[in-house]
Amino acid sequence: MNIFLLLGTLLILGFCGAWLSGKIRIPHVVGYMFIGVLLGSSCFNLVTLRMSENLGVISNLALALIGFTIGGELKFSEIRELGTSILSITVFEALAASLLVLFSVFLLTKSWPIALIFGAIASATAPAATVSVLWQYHAEGSLTTTLFAVVGLDDAAALMTYAFTSSVAKALIVGTKNLLALSLMDRPLLEILGSLLVGVTIGIVLNYVATKIREQYEFLIICLGAIMLCAGLALRFHFSLILTNMALGITFINLSTKNRVAFDAMRNITPPIYLLFFVLVGVKLQLGLLPKLGLLGLIYILMRALGKSLGAYFGAAITDAPETVRKYVGLGLLPSGGCGHRSGHRCLPYL
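Quantities reported herein were computed from a predicted structural model and do not represent experimental measurements. (Residues numbered from 1 in each chain as written. Predicted model: local features only at pLDDT ≥ 70, side-chain atom pairs only at ≥ 80, totals over all residues. Heavy atoms only, no water.)

1. Quick word on the pattern of salt bridges
Going through the model one piece at a time under the given rule, you end up with four salt bridges. A salt bridge links glutamate 73 to arginine 267; the shortest N-O distance between them is 3.6 Å. You can see glutamate 73 sitting in the loop between helix H4 (56–72) and helix H5 (76–79) and its partner arginine 267 sitting in the loop between helix H14 (260–266) and helix H15 (270–284), a full 194 residues away along the chain. Residue lysine 308 is joined to aspartate 154 by a salt bridge in which the shortest nitrogen-to-oxygen separation is 3.1 Å. Placement of the pair is lysine 308 in helix H16 (residues 290–317) and aspartate 154 in helix H9 (residues 142–174), with a sequence separation of 154 residues. Look at lysine 308 and you get buried, because its relative accessible area is 0%. Each of Glu93, Asp154 and Lys308 takes part in salt bridges that share partners, so that together they form one network. (Salt bridge = Lys/Arg side-chain N within 4 Å of Asp/Glu carboxyl O. Helix = DSSP H or I, 4+ residues; strand = E, 2+ residues; numbered from the N terminus. Buried < 20%, exposed > 50% of the residue type's maximum accessible area, 1.4 Å probe, protein only.)

2. Remarks on the side chain of asparagine 207
Turning to its location among the elements, asparagine 207 is positioned in helix H11 (residues 186–210). Judged by relative accessible area, which is 15%, asparagine 207 ranks as buried. Those residues within four positions of asparagine 207 in sequence are excluded, and the remaining contacts are Phe252, Leu255, Ser256 and Asn259. (Contact = heavy atoms within 4.5 Å.)

3. Observations concerning empty space enclosed by the protein
Tallying each qualifying case throughout the model produces two cavities of 30 Å³ or more. Empty space within the largest cavity amounts to approximately 40 Å³. Looking at the lining of the largest cavity, the elements that each hand over two or more residues are H4 and H14. Considering each element in turn, the lining of the largest cavity owes the most residues, three residues, to H4. For the lining of the largest cavity, the residue count by class is five nonpolar, two polar and no charged. Taken as a whole, the second largest cavity spans an internal volume of roughly 30 Å³. What lines the second largest cavity is Thr69, Gly72, Glu73, Trp135, Arg260, Phe263 and Arg267. (1 Å grid on protein atoms, 1.4 Å probe; cavity = no way out; pocket = protein on both sides within 12 Å on 5 of 7 lines; lining within 4 Å. Points joined across faces, edges and corners; volume = space filled by probe spheres on them. Nonpolar A, V, L, I, M, F, W, Y, C, P; charged D, E, K, R; others polar.)

4. A word on the environment of isoleucine 173
Mapping isoleucine 173 onto the fold places it in helix H9. By relative accessible area, isoleucine 173 is classed as exposed at 62%. When the C-alpha atoms of isoleucine 173 and serine 336 are compared, they prove to be 26 Å apart, with 163 residues separating the residues in sequence.

5. Structural notes on the packing of aromatic side chains
The geometry of two aromatic rings is summed up by the distance between their centres and the angle between their planes. Scanning all chains against the criterion turns up nine aromatic pairs. Between phenylalanine 68 and phenylalanine 263, the ring centres sit 4.5 Å apart and the planes meet at 10°, which makes this aromatic pair stacked. With phenylalanine 68 in helix H4 and phenylalanine 263 in helix H14, this pair connects stretches of sequence that are 195 residues apart. Classification of phenylalanine 68 as buried rests on a relative accessible area of 1%. An aromatic cluster is present here, built from Phe68, Phe252 and Phe263 joined pairwise through their rings. Directly above the ring of phenylalanine 237 sits arginine 236, whose terminal nitrogen or CZ lies 5.2 Å from the centroid. Above the ring of tryptophan 135, the side-chain terminus of arginine 267 is found at 4.1 Å from the ring centroid. (Phe/Tyr/Trp six-rings, centres within 6.5 Å; stacked < 30°, edge-to-face > 60°. Lys NZ or Arg CZ within 6 Å of the ring centre and 35° of its normal.)

6. Quick look at H15
With 15 residues, H15 should cover 21 Å at 1.5 Å per step; its first-to-last C-alpha distance of 21 Å lies within 8% of that length. Of all 15 residues making up H15, 12 are buried, and the element is well covered by its neighbours. Listed as buried for H15 are Thr270, Ile273, Tyr274, Leu275, Leu276, Phe277, Phe278, Val279, Leu280, Val281, Gly282 and Val283. (Expected span 1.5 Å × (residues − 1).)

7. Let's talk about the packing of helix H7 (residues 112–122) against H16
Where H7 meets H16, the closest approach of the two axes is 10 Å, and the angle between their N-to-C directions is 45°. Taken together, the axes of H7 and H16 lie oblique to each other. For the pair H7 and H16, the crossing hand works out as right-handed. Only Leu296, Tyr300, Arg304 and Lys308 of H16 make contact with H7, whose side of the interface consists of Phe118, Ile121 and Ala122. (Axes fitted to C-alpha atoms, helices over the stretch in contact; angles between N-to-C directions. Parallel < 35°, antiparallel > 145°, perpendicular 65-115°, else oblique. Left-handed = near helix turned anticlockwise from the far one by under 90°.)

8. Observations regarding unusual backbone geometry
Note: most residues except glycine have negative phi, and most peptide bonds are trans. A positive phi is found at lysine 110, a non-glycine position, where the angle reads about 60°. Residue placement: lysine 110 occurs in the loop between helix H6 (83–109) and H7. Lysine 110 gets classed as exposed once you look at its relative accessible area, which sits at 59%. The backbone phi angle of histidine 238 is positive, close to 60°, even though this residue is not glycine. The topology assignment puts histidine 238 in the loop between helix H12 (216–237) and helix H13 (241–255). Classification of histidine 238 by relative accessible area gives partly exposed; the value is 44%.

Written out as C-alpha cells, the structure is:
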C-alpha cells in the first residue's frame, strides 16, 4: 500500500469512527482508536506495526502541535490566580500515583527495581487525549486552564522521576553503591532547560516575525515552520518534544494578545493530524497481550488511577482551587503514556 492510499484510508475511516462515536455521545478520540484497533494486528491486520512505525513523523508532529496548543492556552493573566494550585496539583498527583504503584508492585513482585520502574512510569500523563477532548467540546474556564497547565508540567515531572528511579533501579540490579543523586539529575535538568531555552528563543523570534505580517495564511506558515523547527531541534538534541513546543506556545501567546490569530489558524490543520495520531495509536494496541499483563497490569492501572485522582484532589483542596477543579481535574490526568516523550518515543505505549 503506497503512502497516499494508506493515509487517505486512515483519514476517511477515522472520520467514520468519529461520526459513529458522536452518535453515541462519546469523545471522537475513542472512535479514532477503535478504527485503529480494527485495522491493526488485533483484528484484520490491514495496517501492520511496521507500516505504523514508518509513519512516526505524524506522531512526532502531533505531539509537537499538542505542546504548542497547551502553551497557547496558558496566558499569564489567566493562570495567575491558579498558579499555586497548578503547581500543587502537579506535585501531589505525580507523587501519589508513583508511590501507590511503587509499593503495590513491590508487594506483588518483591522486586524493588521493577517497582521503581513502574512507579516512575505511573507519574507520566499523556496529554494528547485530554487536549483532544477539551478541543472537541470547546471547553473553557478554570478547570480547562488547570488541565492544560498540569498535563504540560507533568512532562517535566516525569522526566525527573524516571531519570532518578531508573538509575536507582540499575544500581540495585548491578549491586553498585556509588549512587550520587545529584549526578542522576544532570540529564533530565539539561533536557528541561534545553527545551525551555529552544522554545522561548524561537517564540521570541516568531513574535517579531508576526508583527510584520497581516494575513492569516502567513501566520499559519510561520507558526508551522516554528513548530517543526522546535520539533527538529528537540529530536536532534534529545529534548522533550512536548515541553519545547509548550515553551514556544507560552512565549508566543504572552508576548502579544494579537498572536491569538496564529493559534486560530493552526486549528485548521490540527484535526486531521490528531485523527491520524490516534488511529495509529489504535493500530499499535495489541489486545492479545492484555491478558498477559495479569494481576500486575491490573494493579498498575487501578493504583495509578487512584493516585492521580486522590493526589489531584488533595493538591487542589489545600490551595482552595475552585470546586470543579477539585472534583474533575484528576479524571483529565488518567490517560497514560511514557516518560518524557524523548526523541519521539516513550517508555511504554499508550494505556
